Amino acid sequence: MIRIGTRSSELALWQANTVASQLNHLGYETEIVKIDSIGDEVLNKPLYQLGTTGVFTKNLDIALLNDKIDIAVHSLKDVPTQLPEGIVQAAVLKRGNFNDVLVLKSDETFFENSTAVIATGSLRRKAQWLYRYPNHTITDLRGNVNTRLRKLEENNWNGAIFALAGLKRIKLLPDNFIKLDWMIPAPAQGAVMVAALETNTEILEICKSLNHEETETCVAIERKFLQVLEGGCTAPIGALATIKNEELKFKGVLFSPDGKNKIEFQKTVPVDNVSDLGEFAANYILERGGKKLMQHMETIEKEIQVYATKVLSAAQKSVISANIGLDMSDFITIRSNRLKPVVVKKPIENVVFTSQNAVESLLNNFDSTALDFKNIYCVGRRTKRLIEKKIGKVTHSETTAKKLADYLVNIEKVAAVTFFCGNKRRDDLPVILKQHHVELTEVECYKTLLTPKKIAPKYKGILFFSPTGVESYIKENTFTNGIAFCIGDTTANEAKKYFDQVEVAKLATVESVLKTVNEYFK
């Protein structure tokens, strides 16, 4: 029995039942499991104000990771370009119609007037409509397809914009509509994606039969274009790739939110030469004014501004609420040391890592096959995940160095430990081990270099991810009136030396720090 996770809207269920039907045809039994999302529950804000990408997919991701479902079925345009760790794209079904349509309240005579009111909750649709009809007014429209059609009937609007595929799939396409073939769709619009766990090889093999290669090729280019531009729900980005007669035609576009500015790219290439087209197109747009346009969108003055003391990835940035302005730069730099082969020449019984940096620096010096470790102990889930991916099984992990040291001396009762660390490692673990007469060998794998910057005293919050980050910040900045948001207690203790107000994330992850910021300023 294959458990298929889906949202409970009529359109989402159509998608899930389509996948179920195809699996049934292949001889597999299926079960539909309904799981709703924040995007279904919060209907009083435009999508681009919900503060995260993945508003329609996150709860299904959690269900996958918790083994409540075997596969998740999504509208691919709703899926973040960076999938959660451990989840992969298992299949893309043959694409439906990718166009948008304007459903009319009565007729199209309103185009003869100078003004009109058009409803949409999409920033992309809003920007493109205003670019073409700058005198019109855009009003927000949220909810599932049925809800939005009902709101159109109830309100004094001239029309509302929908995806044609969605209306056709659930047989709700009215007679009075106009196909907007001039409007560039969202990347992957009209495509249905099946997600599964990377480790579930049996399910992945089954899903290969559902995959449509031509659609997979086209949407991959569109989504790469989106990823490089770092759009998600917060930037008006359109992209479309189509294949005909062994040629792939691509068009990508970036607008300003008000529709006043537009930068576009289009190119036709042989279908067997499209590997980097999405990335090339995005960089083309960025170099021709897109970077400035994106920066302008990111730095539009918001009531709440925070500063991160490390550069965050696009996936991490997407966690921060859209009503919070986020600036960032790296306040520390990691440089790997050169290690002599004698360090790992002999087998080592007990090794300890308290950071991912130590793991990566060790692997910069040695191939994993050269590492003969009997027992590996570490601090942090991500450090553990990296070790098990690159080196081998972790014997035991803890959330702090102190807890790990206590475990080593009281539970394992180890006699000797090799500690791979950096030049600014904390004293907790070495002190406890030495107090209990454990033979400690420290191998300095990397150096943490301070790269402080002076920032404007306008931020309501400063985000710190290590005690060294606090140290670096203080070297150039005297502004400590804001709130220090810290990744853990050790970082918080350092911040408390300078900041009156310190907030500690529930988990020792970047994402948890960002969620703490969202919750604080809610």
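Above this note sits the structure.
Keep in mind the model is a prediction, meaning the values are calculated, not measured. (Residues numbered from 1 in each chain as written. Predicted model: local features only at pLDDT ≥ 70, side-chain atom pairs only at ≥ 80, totals over all residues. Heavy atoms only, no water.)

Bringing the packing of helix α13 (residues 401–412) against helix α14 (residues 428–435) into the picture now. Their axes nearest at 8 Å, the elements α13 and α14 cross at an angle of 20 degrees. With respect to their mutual orientation, α13 and α14 come out roughly parallel. Here α13 and α14 pass one another in a crossing that is right-handed. Of the residues in α14, those touching α13 at A401, K402, L404, A405, D406, L408 and V409 are D428, L429, I432 and L433. Of the residues contributing to the contact of α13 with α14, the split by class is eight nonpolar, no polar and three charged. (Axes fitted to C-alpha atoms, helices over the stretch in contact; angles between N-to-C directions. Helix = DSSP H or I, 4+ residues; strand = E, 2+ residues; numbered from the N terminus. Parallel < 35°, antiparallel > 145°, perpendicular 65-115°, else oblique. Left-handed = near helix turned anticlockwise from the far one by under 90°. Contact = heavy atoms within 4.5 Å. Nonpolar A, V, L, I, M, F, W, Y, C, P; charged D, E, K, R; others polar.)

This model, assessed by the stated rule, comprises 22 aromatic pairs. On the numbers, 5.4 Å between centres and 45 degrees between planes, the contact of F111 with Y133 is tilted. Pair noted here: F111 is in the loop between β5 (100–104) and β6 (117–119) and Y133 is in the loop between α4 (123–132) and β7 (137–139), with a separation of 22 residues, a long-range link. Residue classification places Y133 among the partly exposed residues on the basis of a relative accessible area of 23%. An angle of 75 degrees between the planes, with centres 5.1 Å apart, marks the rings of Y307 and Y459 as edge-to-face. In this pair, Y307 sits in strand β14 (residues 304–308) while Y459 sits in the loop between β21 (439–450) and β22 (461–464), placing the two residues 152 residues apart along the sequence. The structure contains a cluster of three or more aromatic residues connected by ring pairs, namely Y307, F331, Y459, F464, Y473 and F499. (Phe/Tyr/Trp six-rings, centres within 6.5 Å; stacked < 30°, edge-to-face > 60°. Buried < 20%, exposed > 50% of the residue type's maximum accessible area, 1.4 Å probe, protein only.)

To continue, consider the sheet that holds strand β17 (residues 348–353). Strand order in the open sheet made by the six strands is β16-β21-β20-β17-β18-β19, with mixed pairing throughout. Because the sheet does not close on itself, it has two edges, and the strands there are β16 (332–336) and β19 (396–398). The mean angle between the axes of side-by-side strands here comes to 25 degrees, regardless of whether they run parallel or antiparallel. In this sheet, β21 lies alongside β16 in antiparallel orientation, the contact comprising five bridges. Among the inter-strand pairings, I332 is bridged to a residue of β21, identified as L450. Sheet contacts for helix α12 (residues 381–390): β17, β18 (373–379) and β19; angle to β18, the most-contacted strand, approximately 155 degrees. Most of the contacts of α13 go to β18, to which it runs at about 140 degrees, and overall it touches β17, β18, β19 and β20 (416–422). (Pairing = 2+ DSSP bridges.)

Once that is clear, we can look at the nonpolar core. Ranked by internal contacts, the top residues of the largest apolar core, which has 23 residues, are F225, L229, I237, L248, F250, L277 and I285. Of all elements in the fold, only α8 (213–229), β11 (237–244), β12 (247–255), β13 (262–270) and α9 (277–298) reach the threshold of two or more residues within this core. Examining the composition of this core, we find that seven residues originate from one element, α9, more than from any other. V344, A358, I391 and V443 belong to the second largest nonpolar core, which has 21 residues in total. (Core = buried A, V, L, I, M, F, W, Y, C linked by side-chain atoms within 4.5 Å.)

On to unusual backbone geometry. Here E246, not a glycine, exhibits a phi torsion of approximately 65 degrees, which is positive. Considering the arrangement of structural elements, one finds E246 in the loop between β11 and β12. With relative accessibility at 61%, the residue E246 sits in the exposed group. Phi is positive for H437, close to 60 degrees, though the residue is something other than glycine. Along the chain, H437 turns up in the loop between α14 and β21.

A few words on the packing of helix α11 (residues 356–365) against α12. Orientation of α11 relative to α12, taken along the N-to-C sense of each, is 20 degrees, at an axis distance of 9 Å. Of the possible angle classes, the one that applies to α11 and α12 is roughly parallel. Two secondary-structure elements touch here, α11 through Q356, V359, E360 and L363 and α12 through R382, T383, L386, I387 and K390. For the contact of α11 with α12, the per-class residue count stands at four nonpolar, two polar and three charged.

Next up on the list: helix α5 (residues 145–154). For α5, the complete set of buried residues consists of V145, T147, R148, L149 and L152. Contacts from the buried residues of α5 go to α1 (10–25), β5, β8 (159–163) and α6 (164–169).

A few words on the sheet that holds strand β9 (residues 177–180). Strand order in the open sheet made by the five strands is β7-β6-β8-β5-β9, with mixed pairing throughout. With partners counted over all chains shown, the strands left at the sheet margins are β7 and β9, one partner each. Between one strand and the next, the sheet's axes are offset by a mean angle of 30 degrees, whatever the strand orientation. Bridge analysis of β5 against β9 gives four bridges, and the strand direction is antiparallel.

Time to look at the environment of D61. With respect to the helices and strands, D61 occurs in helix α3 (residues 58–65). Each C-alpha atom, one on D61 and one on A72, is 7.6 Å from the other, the two residues being 11 residues apart in sequence.

Among the six residues of β17, five are classified as buried, and the element is accordingly described as predominantly covered. In terms of strand pairing, β17 meets β18 through five bridges, oriented parallel. When the sheet's bridge partners are listed, I348 is paired in β18 with F373. Crossover β17 to β18 through α11 is right-handed. Bridge count between β17 and β20: three bridges; the pairing is parallel. Within β20, the residue paired with V351 across the bridge is T418. (Right-handed = clockwise from strand over helix to strand, strands pointing away.)

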